Amino acid sequence: MIDAEIKNNLDNIFDKVRAAAEKSGRTAEDIKVIAVTKTVEVDRIKNVYEYGLRDMGENRVQELTDKYDKLPEDCKWHLIGHLQTNKVKYIIDKVAMIHSVDSVELAKEINLRAEKHGRIIDILLQVNVSGEETKFGISPDEVYDFIGKISQMKNLCLKGLMTIAPFTHDPQEIRPVFKNLYNIYIDIKHKRIDNVNMDYLSMGMSNDFEVAIEEGANVVRIGTSIFGKREYTQK
Ligand SMILES: *Cc1c(COP(=O)(O)O)cnc(C)c1O
């Protein structure tokens, strides 16, 4: 039996996703909802699986590898938090996509490990649009230089961009952050660079996913609105 509260939360989220997608000329099917499962126990995660979600997001390597073994094989695991180069080896055969690539050094390590496993890894570039010092991600000015370097790496496939917007009580305030990244995303898409596919724009969390979708996001990462408040917070 699926937990009634989680089911209700997901129903509400998908209503909002649909409404926001329609505002931007799309449908709910155009939007990928990733269930952010950090700090959530396996038994509770099983509810979102039962509901039909397959994309799970974790921001810590250890938690991802633990849960990977305990949930059905058809789950797709997304690493969404800062990744240290020395930990790439633990997740390289487990991740569907790494959202948080924020240095050339990290990209190189992923490429190297992917080659050893005979895989091509989908990655997103994390962009720190607002320039907050506490956030990881490259600055918008560095994006093209970065892409030039990444496009040479055979075992990586750049699939899009990701950002974490600053927390605000009124998500309308950060609309410009989302608009800004959307414009960069479209600009890169139009340049048709080899090995670079702007398929995904990963922006929007519990607090701001509706605004993010209205501004063009097609991947949202939602934890709290599905599972409730976490016991402790993680960066
Ligand atoms: C925790 C986290 C989320 C989900 O945040 P909620 O506010 O719980 O929805 C999304 N993205 C990243 C990178 C996170 O670390």
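Caption draft 1: Spatial organisation of the pairing of strand S1 (residues 32-36). Most of S1 sits out of view: four of its five residues are buried. Relative to strand S8 (residues 219-222), S1 is paired through four bridges, and the arrangement is parallel. In the strand pairing of S8, Ala35 is matched with Ile222. When S1 meets strand S2 (residues 55-58), the two strands line up parallel, connected through two bridges. Bridge pairing in S2 links Val36 to Gly57.

Caption draft 2: A look at the site of the ligand. In the neighbourhood of the ligand, the contacting residues comprise Val36, Lys38, Asn59, Ile80, Ile164, Met205, Ser206, Arg221, Ile222, Gly223, Thr224 and Arg230. Lys38 is positioned with one of its side-chain polar atoms (N or O) 2.7 Å from an oxygen atom of the ligand. In this structure, Thr224 approaches the ligand through a side-chain N or O atom, which is 2.5 Å from an oxygen atom. Among the residues forming the shell around the ligand, the class breakdown is five nonpolar, four polar and three charged.

Caption draft 3: Main features of the pattern of salt bridges. According to the stated counting rule, one finds 17 salt bridges in the structure shown. When the shortest N-O distance is used, the salt bridge between Lys94 and Asp93 registers 3.5 Å. The class for Asp93 is partly exposed, based on a relative accessible area of 37%. Salt-bridge contacts for Arg175 lead to Glu214; the nearest nitrogen and oxygen are separated by 2.8 Å. Here Arg175 is found in helix H7 (residues 175-191), whereas its partner Glu214 is found in helix H8 (residues 209-214), with 39 residues between them in sequence. For Glu214, a relative accessible area of 21% translates into the label partly exposed.

Caption draft 4: Spatial organisation of helix H2 (residues 42-51). Of the residues making up H2, those classed as buried are Val42, Ile45, Asn47, Val48 and Tyr49. In this structure, the buried residues of H2 make contact with helix H1 (4-23), S1, S2, helix H3 (61-70) and helix H9 (224-227). In the segment just after H2, Gly52 is the residue with positive phi, at about 125 degrees.

Caption draft 5: Up close: the packing of aromatic side chains. Applying the stated criterion across every chain yields a total of two aromatic pairs. Consider the rings of Phe14 and Tyr51, whose centres lie 6.1 Å apart with planes at 20 degrees: the pair is stacked. Taken together, the residues Phe14 in helix H1 and Tyr51 in helix H2 connect sequence positions 37 residues apart. With a centroid separation of 6.2 Å and 40 degrees between ring planes, the pair formed by Tyr182 and Tyr185 is classed as tilted. Of this pair, Tyr182 and Tyr185 both sit in helix H7, three residues apart, roughly one helical turn. Owing to a relative accessible area of 31%, Tyr182 belongs among the partly exposed residues under this scheme. The positively charged end of Lys94 is found above the aromatic ring belonging to Tyr68, 5.5 Å away from the centroid.

Calculation criteria
For every chain, the first residue of the written sequence is number 1, and numbering continues from 1 along that sequence. Residues qualify for local features only when their pLDDT is at least 70, as the model is predicted, and side-chain atom pairs are given and counted only at 80 or more; totals for whole chains, interfaces and linings, by contrast, use all residues. For the side-chain quantities, the full set of heavy atoms in the structure was used; hydrogens and water were omitted. Each residue is assigned to one of three classes by its accessible area relative to the maximum for its type, calculated with a 1.4 Å probe on protein chains only: buried under 20%, partly exposed between the two thresholds, exposed over 50%. Going along the chain from the N terminus, every DSSP run of H or I of four or more residues is numbered as a helix, and every run of E of two or more is numbered as a strand. A pair of strands is considered paired only if DSSP assigns at least 2 bridges between the two. By convention in this text, a residue qualifies as near a molecule or strand provided that one of its non-hydrogen atoms is within 4 Å of it. Each polar contact in these results corresponds to two N or O atoms within 3.5 Å; when the atoms are within protein, one needs to be able to donate a hydrogen and the other to accept it, and residues that are neighboring in sequence are counted only if both atoms are side-chain atoms. Three classes are used: nonpolar for Ala, Val, Leu, Ile, Met, Phe, Trp, Tyr, Cys and Pro, charged for Asp, Glu, Lys and Arg, and polar for all others, with Gly counted as polar. The salt bridge criterion pairs a side-chain nitrogen of Lys or Arg with a carboxyl oxygen of Asp or Glu, the two atoms within 4 Å. Contact definition: two residues touch when any of their heavy atoms are within 4.5 Å. The rule is short: rings of Phe, Tyr and Trp, with Trp giving its six-membered ring, pair when the centres are within 6.5 Å, and they are stacked under 30 degrees, edge-to-face over 60, tilted in between. By definition here, charges over rings are those cases where NZ of Lys or CZ of Arg is within 6 Å of the ring centre and within 35 degrees of the ring normal.

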